[in-house]
Amino acid sequence: MRLLSVTSAILAFIILVTEAKLAPTIRLNNGYEMPVIGLGTFESTSGDAERAVKDAIDAGYRHIDTAFLYGNEVEVGNAIRSKIEDGVIKREDIFVTTKLWSTFHEPDQVEKAFQRSFDNLNLDYIDLYLMHYPVAYRRVLQNIRLPSDDVNAFYVFPVDKNGNTLTEDVDYVDTWRAMEKLIETGQVRSIGISNFNSEQTERILSMATIKPVTNQVECHPNLNQRKLINFNAARNMTITAYSPLGRPHTPNGQKLALSEPKVLELAQKYRKTPAQIILRYTVQNGAIVIPKSTNKNRIQENFNIFDFELSDSDMQIMHGLNNNYRLIDFATDKDNKYYPFNIEF
Ligand code: A2P
């Protein structure tokens, strides 16, 4: 009898420690819940993305961020479906985001582009569909073997012979109206924006019948987006932080937060890694984070940020690292009238 109760106690303990702890969620302005950490998949290439998503689900992630642009929607969908089939999660346990690319901003293109992402992911529904970027790009055929009504027939970054991006003046407000119609299909639950500035957000809000739930923007300690976060919070919209680690694999990113002496000091103080300090900071700063990794250990490391809290004074130290340094500025689109990064925030 005694042996039995000891065995069941050990079993209960094993279940407790092996069962992945889940992340807190934020309630969106339409009532849906979004986990405050998700796996980013930008630059997760073929083969890696599927494994990374599976590792992330095993680590406790219940939020995955992809995009038509990333070319990995099929893999992301395969990984999620396989975890559903294995009984690890149910569809409703996981929050899946994908995005409308800039070559499909004309209102009559939106549904077609969405359908391709929807089919690629092959899940019953998509949780969140974002307009990836306010500037529209021209559709230039790259693959003459595909019919011109196939979304894969076009360059994603069309350029002229001098290498300049071919942008268009499609108004993102018209694109938004077409995105609102997608909600009626039941195939997507929430819609939102990405890389929008505050004025563009205000303009969307002034005409929208469906409010964006989030604006996904670059956000890390060197570009902490305090103003945009406050601006959005006042309008019941969230901010999702992309490149929250500051793209440490790039020459510019190398110099940023992950190697900041102050971050290293805090890492020692809290017995956490620099990445965990940075991600925790951005969550406490009020944003949802989507760090990208295809490495199992780092996927786990990045998720492990809910067992400590940065003190107010340490938050002030982290705020002090902000220098509005933008890593992804779409500089070649500067002349387009909808270019987002030429005002303060
Ligand atoms: P990897 O996929 O090999 O882990 P961001 O999300 O800011 O764009 O950063 C993504 C980059 O940061 C990727 O190159 C990723 O590489 C790397 N990365 C992800 N997690 C960590 C971590 N915990 N420590 C160091 N680098 C990381």
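This text goes with the structure placed above it.
What this report covers is the structure whose coordinates are included nearby. These figures come from a predicted structure and were not determined experimentally.

About the criteria used
Residues numbered from 1 in each chain as written. Predicted model: local features only at pLDDT ≥ 70, side-chain atom pairs only at ≥ 80, totals over all residues. Heavy atoms only, no water. Helix = DSSP H or I, 4+ residues; strand = E, 2+ residues; numbered from the N terminus. Rg over C-alpha atoms; globule rule 2.2 N^0.38 Å. Buried < 20%, exposed > 50% of the residue type's maximum accessible area, 1.4 Å probe, protein only. Contact = heavy atoms within 4.5 Å. Areas by Shrake-Rupley, 256 points an atom, 1.4 Å probe, with all protein chains shown as cover. Core = buried A, V, L, I, M, F, W, Y, C linked by side-chain atoms within 4.5 Å. Axes fitted to C-alpha atoms, helices over the stretch in contact; angles between N-to-C directions. Parallel < 35°, antiparallel > 145°, perpendicular 65-115°, else oblique. Left-handed = near helix turned anticlockwise from the far one by under 90°. Near = heavy atom within 4 Å. Polar contact = N/O pair within 3.5 Å; in protein donor to acceptor, adjacent residues only side chain to side chain. Nonpolar A, V, L, I, M, F, W, Y, C, P; charged D, E, K, R; others polar. Pairing = 2+ DSSP bridges. Right-handed = clockwise from strand over helix to strand, strands pointing away. Arc of directions from axis to C-beta.

### Observations regarding the overall build of the chain
Line of reasoning, step 1. Tallying secondary structure elements over the chain gives twelve helices and twelve strands in all.
Line of reasoning, step 2. For a compact globule of 345 residues, the expected C-alpha radius of gyration is about 20 Å, and the chain comes in at 21 Å, within 12% of that figure.
Line of reasoning, step 3. For the C-alpha atoms alone, the extent of the chain along its principal axes is close to 75 × 45 × 35 Å.
Line of reasoning, step 4. Expressed as a percentage of its 345 residues, the buried residues of the chain come to 52%.
Line of reasoning, step 5. Summarising the internal contacts of the chain: among those between residues at least 6 apart in sequence, 74% fall at separations of at least 24.
Line of reasoning, step 6. Carbon and sulfur atoms form 50% of the exposed surface of the chain, whose accessible area is close to 16,100 Å².

### Focus on the nonpolar core
Line of reasoning, step 1. Ranked by size, the top nonpolar core spans 88 residues in total, and within it Ile80, Tyr129, Ile277 and Met318 carry the most contacts.
Line of reasoning, step 2. Filtering out sequence-adjacent residues up to four positions away, Met318 remains in contact with Pro221, Val263, Leu266, Ile277, Ile278, Tyr281 and Leu310.

### Looking at the packing of helix 2 (residues 48-59) against helix 11 (residues 296-303)
Line of reasoning, step 1. For the pair helix 2 and helix 11, interaxial distance at closest approach is 9 Å and the crossing angle is 40°. For the element pair helix 2 / helix 11, the angle class is oblique. Here the hand of the crossing between helix 2 and helix 11 comes out right-handed. Contacts from Ala52, Asp55, Ala56 and Ala59 in helix 2 reach Lys296, Ile299, Gln300 and Phe303 in helix 11.

### Here we look at the site of the ligand
Line of reasoning, step 1. Among the 17 residues in the neighbourhood of the ligand, the closest are listed as Lys292, Ser293, Thr294, Arg298 and Asn302.
Line of reasoning, step 2. Arg247 is positioned such that a nitrogen or oxygen atom in its backbone is 3.1 Å from an oxygen atom of the ligand.
Line of reasoning, step 3. Lys292 is positioned with one of its side-chain polar atoms (N or O) 2.9 Å from an oxygen atom of the ligand.
Line of reasoning, step 4. Calculation on the ligand without its partners gives an accessible area of 570 Å², and the protein chains cover 84% of this total.
Line of reasoning, step 5. For the shell around the ligand, the element with the most residues is helix 11, which contributes three residues.
Line of reasoning, step 6. Per-class residue counts for the shell around the ligand are six nonpolar, seven polar and four charged.

### Considering the environment of Leu146
Line of reasoning, step 1. Here Leu146 shows up in the loop between strand 7 (136-137) and strand 8 (167-168).
Line of reasoning, step 2. The class of Leu146 is partly exposed, set by a relative accessible area of 26%.

### Focus: helix 5 (residues 172-184)
Line of reasoning, step 1. Taken residue by residue, helix 5 has Tyr172, Val173, Thr175, Trp176, Ala178, Met179, Glu180 and Leu182 as its buried positions.
Line of reasoning, step 2. Packed against the buried residues of helix 5 are strand 5 (95-100), helix 4 (107-121), strand 6 (126-131), strand 9 (188-194) and helix 6 (198-207).
Line of reasoning, step 3. The backbone nitrogen of Val173 has a side-chain oxygen 2.9 Å away, supplied by the residue at the start of helix 5, namely Asp171.
Line of reasoning, step 4. Immediately beyond the C-terminal end of helix 5, within one or two residues, lies Gly186, with a positive phi of roughly 75°.

### Description of the pairing of strand 5
Side-chain positions along a regular strand alternate between the two faces of the sheet.
Line of reasoning, step 1. Along strand 5, six of the six residues are buried, which leaves the element largely enclosed by surrounding structure.
Line of reasoning, step 2. Pairing of strand 4 (residues 63-65) with strand 5 involves three bridges; the strand directions are parallel. Residue pairing in the sheet places His63 in a bridge with Phe95 of strand 5.
Line of reasoning, step 3. In the classification by handedness, the crossover that spans strand 4, the intervening helix 3 (residues 73-85) and the parallel strand 5 is right-handed.

### Concerning helix 12 (residues 312-319)
Line of reasoning, step 1. Along helix 12, the residues that are buried comprise Asp314, Met315 and Met318. Summarising the axial view, the buried residues of helix 12 lie within an arc of 105°, below the 170-degree limit, and thus occupy one face. Facing away from the buried side of helix 12 by over 90 degrees, the exposed positions are Asp312 and Gln316.
Line of reasoning, step 2. On its buried side, helix 12 packs onto helix 9 (261-270) and helix 10 (274-284).

### So, the pairing of strand 9
Line of reasoning, step 1. Among the seven residues in strand 9, six count as buried, and that is most of the element.
Line of reasoning, step 2. Across five bridges, strand 6 lies against strand 9 in parallel orientation. The residue of strand 9 that forms the bridge with Leu130 is Gly192.
Line of reasoning, step 3. Bridging between strand 9 and strand 10 (residues 214-218) involves two bridges; their strand directions are parallel. Of the residues in strand 10, the one forming a bridge with Ile193 is Asn215.
Line of reasoning, step 4. Note that the unit made of strand 9, helix 6 and strand 10 has a crossover that is right-handed.

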